[in-house]
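The primary structure of each chain is shown beneath.
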Amino acid sequence: IMFVVYPSVNGKSYTVQCTKKGGGQGSTDNLRMPFPQAWAGLTEGELRKVSEVSDAVFCHRDRFIAAALSLQGAVTLAKKALQNSKS
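Residues numbered from 1 in each chain as written. Predicted model: local features only at pLDDT ≥ 70, side-chain atom pairs only at ≥ 80, totals over all residues. Heavy atoms only, no water.

Undergrad: For the overall build of the protein, give the residues involved together with the corresponding values.
TA: What the protein contains, in helices and strands, is two helices and four strands. Moving toward the C terminus, one meets the helices and strands of the protein in the order β-β-α-β-β-α. The globule rule puts the C-alpha radius of gyration for 87 residues at 12 Å, and the 12 Å found for the protein is close to it. Principal-axis analysis of the C-alpha atoms gives the protein an extent of 30 × 30 × 20 Å. Counting only residues that meet the buried cut, the protein has 36% of its 87 residues in that class. In the protein, once contacts between residues fewer than 6 apart in sequence are set aside, the share between residues at least 24 apart is 42%. In the structure as shown, the protein presents an accessible area of about 5,300 Å², 51% of it carried by carbon and sulfur atoms. With 11 positive and 6 negative side-chain charges, the protein shows a spacing of 7 Å between the two charge centroids. (Helix = DSSP H or I, 4+ residues; strand = E, 2+ residues; numbered from the N terminus. Rg over C-alpha atoms; globule rule 2.2 N^0.38 Å. Buried < 20%, exposed > 50% of the residue type's maximum accessible area, 1.4 Å probe, protein only. Contact = heavy atoms within 4.5 Å. Areas by Shrake-Rupley, 256 points an atom, 1.4 Å probe, with all protein chains shown as cover. Lys, Arg positive; Asp, Glu negative; His and termini not counted. Charge placed at Lys NZ, Arg CZ, Asp CG, Glu CD.)

As structure tokens, then:
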């Protein structure tokens, strides 16, 4: 499991969270697969353009969490992150 997708606490979006290699808390260096560096710290329009996900809203600067308005958008963010790691 590389990512977990779940409804955000605000009820208005879906969160995509990277899993850790060893589980538990700790450094973002422990992520199985962080989101692409190009997405780091981007929001809405900027993230939508770079990720090509039309409803993307956020990617944390440390690349461990991202969000989209729809479940499909969140799943697409995860898929694109996987594709990016293979290229």
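Undergrad: So, helix α2 (residues 71–86): which residues are in play, and what are the values?
TA: Spanning 16 residues, α2 covers 23 Å between terminal C-alpha atoms, matching the ideal 22 Å at 1.5 Å per step. Where α2 is buried, its residues meet β1 (3–7), β2 (14–18), α1 (44–51), β3 (56–59) and β4 (65–68). (Expected span 1.5 Å × (residues − 1).)

Undergrad: Describe the packing of aromatic side chains, and please don't skip the residues or the numbers.
TA: Aromatic ring pairs: the centre-centre distance and the angle between the two ring planes describe each pair. Scanning the model with the defined rule gives two aromatic pairs in all. With a centroid separation of 5.8 Å and an interplanar angle of 20°, the aromatic rings of F35 and W39 are classed as stacked. What makes F35 buried here is its relative accessible area of 0%. Relative accessible area serves as the criterion here: at 4%, W39 is assigned to the buried category. (Phe/Tyr/Trp six-rings, centres within 6.5 Å; stacked < 30°, edge-to-face > 60°.)

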